[in-house]
Amino acid sequence: MKNKTVKMVLAVVVLGVCCGAYAGVKTYVAHQEQKESEEDSEESTTVFTASTDNIKSLDFMVDDTKTTFEKDDDSWVKKDETDFPVNQTTLDSAASAIASVDSDRVLEDVDDLSEYGLDSPSNTIKIVTKSDEEDGDDITTTLYVGDENSSTSQYYVRKDDDEKTVYLIDSSCVEPFTKSLNDYAQMEDFPAISNTDTITKISVDGDNSYELSKDEDTSTWSVKGSEDEEKADSATVSSLVSSFGSMAYSSLADYKCDDKSKYGLDKPYATITVDYQEEVADDDTQDDTTASGEAADEDASSVEENSDDAEQDTESDESVSETTDETSENSDSASDNEDSSEEETKMADKQLTILVGNETDDSSRYVMVNDSNEVYTMSTDTLSALTDKSEEDFWDMTVSYVSLNSLGSLKVNYQGSDYKVNVSRETSTDDDGNDTETVTYKLNGSDLDETTFTTFYNKLINMTAQKRLTDKYEPDGDAELTATFTEEDGDIQEVAYYSYDTNYYAAVVDNKVYLVNKMNVKELFTAFESVVGTEEDSSDKTDSDEATTDDTKSDSTDMPGESIEESDDSTSETAGITNDSDTSEEENTDSQETDSTEE
């Protein structure tokens, strides 16, 4: 019983000691937190401060080389290379960043600088400022930059010769001095073409060489590579052409290149040449204006002489006055001409040449433009739109386009049967002198509904392929549909559709073979079957119905003419086909009707 009492007393004593210790620790921790809070609330220490206007030079390490930028009047220059194109904004930003350096934590009595990376500084920033005194000497302050404290985004630095005090400063004061040399250079703007509509030719010489050229009369594009010149797809070329208005450099690689081989520009990966036009001042107009001005001066001199004579002979006063007025008007006119000539411009031929070199490590390629010695990088995505193309990528995939406005006749062989559609155009003039064109269609000599025909024709001329065959093609069997276009000027074009595989039909035009989606061709066949059905219904007419008099023909032509005009509107909206107002000769129309009747 005694032992139990002793143990209980000891337990109480131990508990009391623990409680006291806990209270003491808690008090100590609270005291330390209060102390740290008070320290944090203290104002930060100023490490360096100066007016940016008083900073005369900045000396720091760039690409492991000591580099000095100094002020020349109000501009920054590279001390050992005055022709270096200094980016004034970048240097001004660096000066502003270092003009006010504060530290919210100061370590004093430091024994081991290596703990902060200051035994071998990553950078040394030397700042030279003007003295506040008028005749005072310049002041030099040196900041040694050590390691970065990644948890606080701050750097350890020491100042001048003080090796016992270490400051922790914000990274924004140091990062402007961590760039490569080219980051401090002023980049030129890429000579983008402001009006890409003036581009007339694009040539790419490389692994895939091709040339795009624009017809000045029709504004259509053609492409030429190793094969013959062909019509180019307008949408594809338009997208490429517009890209020259927004091209831009990524970065400056060398501001004064003396060895193109370092960038693969001695033997370029590709050479891009663009011919275009640019608006420039018309020097000829200015020369004419100068001549006008000289003439006006001569007139003025003549007036002065006449005025002198007038002092001796008062009878000529009135004549001199009139001459003076005329001269004043001539002078004003010359002045107006001079003002207007300043605004007059003309279009001048220009050429843009881009040398494309090796790839870089950041998905770019080195480029040089025109006669510049500067080397830049440009995104491979931008360049590949030009360099990774071939002539085949620009081929127009429209199978056979003949405008309905120029169509004279269309022969179709469908599943072994022959059909012919003749187009007739007649123009009439009303009492007000307004011309109206009436277009009629006949299938094998019988009237053909315009909407039915234009629906089929629209599918026929707007058929586009998904790709072209470049290998020799030997059809397996006869064509399912062959269409032969004869234009009013006599030009003939033929397209034949052959079954190719489960996905495509092969459309053959001359020596070109297009692969067309099978479903689109089936829709074309269905549309033509509707045309044939219309012809079969009209063939039930009796011979006496066809043997009408000229007056009856005229009456029957007038009525359909009105419906055709209405159909023209609806067809142009739905099928994209519009008849132009070109008038064919009546003799040609009669001849076409006779031909169709004979067949």
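From a predicted model like this one, the values you see are computed outputs, not experimental measurements.

J.: Would you explain the overall build of the protein chain in this entry?
T.: Along the backbone of the protein chain there are eleven helices and 27 strands. Within the protein chain, buried positions represent 35% of all 599 residues. Within the protein chain, residue pairs in contact and separated by at least 24 positions form 62% of the contacts whose partners lie at least 6 positions apart. In the form shown here, the protein chain has an accessible surface area of approximately 35800 Å², with 40% of it arising from carbon and sulfur atoms.

J.: Hey, could you run me through the sheet that holds strand β15 (residues 270-281) in this one?
T.: Strand pairs in the sheet, formed through backbone hydrogen bonds, run parallel or antiparallel to each other. Spatial ordering of the open sheet is given by β13-β12-β11-β10-β15-β16-β17-β18-β14, a layout of nine strands whose pairing is antiparallel. The open sheet has two edge strands with one neighbour each: β13 (230-231) and β14 (251-254). The pairing of β14 with strand β18 (residues 375-379) spans three bridges and is classified as antiparallel. By the bridge assignment for β18, S251 is matched with T377. Across the sheet, helix α3 (residues 234-243) lies against β10 (201-206), β11 (210-214) and β12 (221-224), angled at about 95° from β11, the strand it touches most.

J.: Would you explain the sheet that holds strand β1 (residues 45-49) in this entry?
T.: Pairing in this open sheet of nine strands is antiparallel, and the strands run β1-β5-β9-β8-β7-β6-β2-β3-β4 from one edge to the other. For this open sheet the edge positions go to β1 and β4 (75-78), each flanked by a neighbour on one side alone. On average, each strand axis in the sheet is inclined to that of its neighbour by 30°, with strand direction left out of account. Pairing analysis gives four bridges linking β1 to strand β5 (residues 100-107), with the strands arranged antiparallel. Residue pairing in the sheet places T46 in a bridge with D102 of β5. Lying over the sheet, helix α2 (residues 88-98) contacts β1, β2 (55-62), β3 (65-72), β4, β5, β6 (123-129) and β7 (139-149), oriented at roughly 100° with respect to β2.

J.: Honestly, a negative patch on the surface in this entry has me stumped. Any pointers?
T.: On the surface, a cluster of negative charge is contributed by E211, E227, D228, E229, E392 and D393. Looking at where E229 falls in the secondary structure, it is placed in the loop between β12 and β13.

J.: So what exactly am I meant to see when it comes to α3 here?
T.: In an α-helix, one full turn covers 3.6 residues, which means residues spaced three or four apart are oriented alike. Three or more residues of α3 are buried, namely V237, L240 and V241. The arc that holds the buried residues of α3, viewed along the axis, is 100°, so those residues lie on one side.

J.: Sorry if this is basic, but what is going on with the pattern of salt bridges here?
T.: Following the criterion strictly, the structure yields 14 salt bridges and no others. Two residues, E230 and K512, come together in a salt bridge whose shortest N-O distance is 3.8 Å. One end of the pair, E230, is in strand β13; the other, K512, is in strand β27 (residues 512-517), and 282 residues separate them in sequence. With its nearest N and O atoms 2.5 Å apart, the salt bridge here joins K442 to D447.

J.: Would you take a moment to explain the nonpolar core for this structure?
T.: Core analysis: the biggest nonpolar cluster contains 101 residues, and L58, L410 and Y497 have the highest contact counts within it. Ranked by residue count, the leading element in this core is helix α8 (residues 518-538), at seven residues. Leaving out residues up to four positions away in the same chain, L58 has contacts with T67, T68, F69, W76, L91, A94, A95, I98, K126, I127 and F177.

J.: Explain unusual backbone geometry here, please?
T.: Glycine aside, residues mostly have negative phi angles, and peptide bonds mostly take the trans form. For D64, which is not glycine, the phi dihedral falls at a positive 65°. With respect to the helices and strands, D64 occurs in the loop between β2 and β3. The class for D64 is exposed, based on a relative accessible area of 75%. One non-glycine residue with positive phi stands out, namely D160, at about 50°. As for its position among the elements, D160 is in the loop between β8 (154-159) and β9 (166-170). Note on D160: relative accessible area 27%, which makes it partly exposed.

Calculation notes
Throughout, a residue's number is its position along its own chain's written sequence, starting from 1. Local features are withheld for residues below a pLDDT of 70 in this predicted model, meaning they are given only at 70 or higher, and side-chain atom pairs are given and counted only at 80 or more; totals for whole chains, interfaces and linings count all residues. As a convention, hydrogens and water are excluded, and side-chain values are obtained from all of the structure's heavy atoms. Runs of H or I in DSSP of at least four residues are treated as helices and runs of E of at least two as strands, each being numbered from the N terminus. Working definition: with a 1.4 Å probe on protein chains only, accessible area under 20% of the residue-type maximum means buried, over 50% means exposed, and in between means partly exposed. Contacts: residue pairs with any heavy atoms within 4.5 Å of one another. Note on areas: Shrake-Rupley with a 1.4 Å probe; residue coverage comes only from the protein chains shown. For two strands to count as paired, DSSP must find a minimum of two bridges between them. Inter-axis angles, ranging from 0 to 180 degrees, are taken between N-to-C directions of lines fitted to C-alpha atoms, where helices are fitted over the stretch in contact. Without a salt bridge and with relative accessible area above 30%, a residue can belong to a patch; like charges are then joined within 9 Å and nonpolar side chains (Val, Leu, Ile, Met, Phe, Trp, Tyr) within 5 Å. Every case where a carboxyl oxygen of Asp or Glu lies within 4 Å of a side-chain nitrogen of Lys or Arg is listed as a salt bridge. For the purpose of counting charges, residues Lys and Arg are taken to be positive, whereas Asp and Glu are taken to be negative. His and the chain ends are not included. Charge positions come from single atoms, namely NZ of Lys, CZ of Arg, CG of Asp or CD of Glu. An arc is given here, and it is the one of the directions from the helix axis to the C-beta atoms. Here the nonpolar core consists of buried residues drawn from Ala, Val, Leu, Ile, Met, Phe, Trp, Tyr and Cys, with membership extended through side-chain atoms lying within 4.5 Å.

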